[in-house]
Amino acid sequence: MKLRTLLFAVLGVAATAAQALDLSNSMILVAKPELVDQVYGSTVIVVTPVGPDQHVGFIVNRPTEVTLGQLFPDDGPSQKVVDPVYLGGPLNSQVIFALVEGKQSPGGRSFELMPGLHATVDEETVDRIIRTESDHARFVAGLVVWRHGELRAEIERGAWYVLPPDPHLALRKPSQGLWEELVRVSKMRANSI
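Remember, it's a predicted structure, so these values are computed and weren't measured experimentally. (Residues numbered from 1 in each chain as written. Predicted model: local features only at pLDDT ≥ 70, side-chain atom pairs only at ≥ 80, totals over all residues. Heavy atoms only, no water.)

1. Some words on the overall build of the chain
Reasoning step 1: When you go through the chain residue by residue, the secondary structure sums to seven helices and ten strands.
Reasoning step 2: The buried share among the 193 residues of the chain stands at 46%.
Reasoning step 3: As presented, the chain carries roughly 9900 Å² of accessible surface, and 53% of it is formed by carbon and sulfur atoms. (Helix = DSSP H or I, 4+ residues; strand = E, 2+ residues; numbered from the N terminus. Buried < 20%, exposed > 50% of the residue type's maximum accessible area, 1.4 Å probe, protein only. Areas by Shrake-Rupley, 256 points an atom, 1.4 Å probe, with all protein chains shown as cover.)

Encoded structure:
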């Protein structure tokens, strides 16, 4: 019940953000059911701006059937990570990124996706996260990049619900119906406006 209350509060703020189309802050995108696409349909994506009207993000609800242990069979710490690797996006899908929940940067070549969630790209830091803090991380292959104006155009065409940043929502297990729940609550919120 607490999660539902949280989602209504989140969506209340999100409706205002979407109407103004202020894309200068981090956000969570939820694919609308009408977005029928093999890669982006039924997705939840954490997004952050990286330049004037340019954005980068990671799909957080597409688990693959591959684990880190299968990708790196000779690495003992990777064998201990039971969660699958997620499809983070179609670009650079051969690169493993670590999405790490926490107030502090994990170091190395990392950047803040949103307050409380960082993305790490360099191999050494990803390896350290696998060894020391994999229980606070999600490992994703690839990312999503929007060039100048692309995300704005997609939102204006009605492809996405826009939610404010929330690292707990971003790392919630998709088996818990994350996308379906966010769509249902977003529709209820849109109908009440």
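2. Some thoughts on the nonpolar core
Nonpolar side chains tend toward joint burial in soluble globular proteins.
Reasoning step 1: Of all hydrophobic cores here, the largest spans 40 residues; its most connected members are L29, V46, F58, L99 and L151.
Reasoning step 2: The element contributing the most residues to this core is strand β1 (residues 27–31), with five residues.
Reasoning step 3: Discounting residues that sit within four places of it in the chain, L99 has contacts with F58, V60, L113, L117, H118, A119, H136, A137, R138, V140 and L171.
Reasoning step 4: L68, V85, I130 and A141 belong to the second-largest nonpolar core, a separate cluster that totals twelve residues. (Core = buried A, V, L, I, M, F, W, Y, C linked by side-chain atoms within 4.5 Å. Contact = heavy atoms within 4.5 Å.)

3. Let's talk about the pairing of strand β8 (residues 117–120)
Reasoning step 1: Here β8 shows two buried faces, one formed by L117 and A119 and the other by H118 and T120.
Reasoning step 2: In this structure, strand β7 (residues 110–114) lies alongside β8, joined through four bridges in antiparallel fashion. Its bridge partner being in β8, F111 is matched across the sheet by A119.
Reasoning step 3: Here β7 hands over to β8 after two residues, with G116 in that stretch at a positive phi of 90°. (Pairing = 2+ DSSP bridges.)

4. Side note on a nonpolar patch on the surface
Reasoning step 1: A cluster of nonpolar side chains, namely V66, L71 and F72, defines an oily patch on the protein surface of about 220 Å² accessible area.
Reasoning step 2: Within the secondary structure, F72 is located in the loop between α2 (68–71) and α3 (76–79).
Reasoning step 3: Residue F72 is classed as partly exposed on the basis of its relative accessible area, which comes to 37%. (Patch = residues over 30% accessible without salt bridge, like charges linked within 9 Å, V, L, I, M, F, W, Y side chains within 5 Å. Salt bridge = Lys/Arg side-chain N within 4 Å of Asp/Glu carboxyl O.)

5. A short note on unusual backbone geometry
Residues other than glycine predominantly adopt negative phi, and peptide bonds predominantly adopt the trans conformation.
Reasoning step 1: Phi angles above zero are rare outside glycine, and S42 is one such case at about 60°.
Reasoning step 2: Along the chain, S42 turns up in the loop between β1 and β2 (44–51).
Reasoning step 3: In this model, N92 sits at a positive phi of 55°, which is unusual for a non-glycine residue.
Reasoning step 4: Secondary-structure assignment places N92 in strand β6 (residues 91–101).

6. Overview of helix α7 (residues 178–192)
Reasoning step 1: The terminal C-alpha atoms of α7, which comprises 15 residues, lie 21 Å apart, in line with the 21 Å expected from a rise of 1.5 Å per residue.
Reasoning step 2: Residues of α7 that are buried: L178, W179, E181, L182, V183, V185 and S186. (Expected span 1.5 Å × (residues − 1).)

7. Brief notes about the pattern of salt bridges
Reasoning step 1: Under the defined criterion, the tally for this structure stands at five salt bridges.
Reasoning step 2: Among the ionic pairs, R128 bridges to E133, the shortest N-O distance being 3.2 Å.
Reasoning step 3: Residue classification places R128 among the partly exposed positions, given a relative accessible area of 27%.
Reasoning step 4: The residue R147 makes a salt bridge to E150 at a minimum N-O spacing of 3.0 Å.
Reasoning step 5: When its relative accessible area of 58% is taken as the criterion, R147 is described as exposed.

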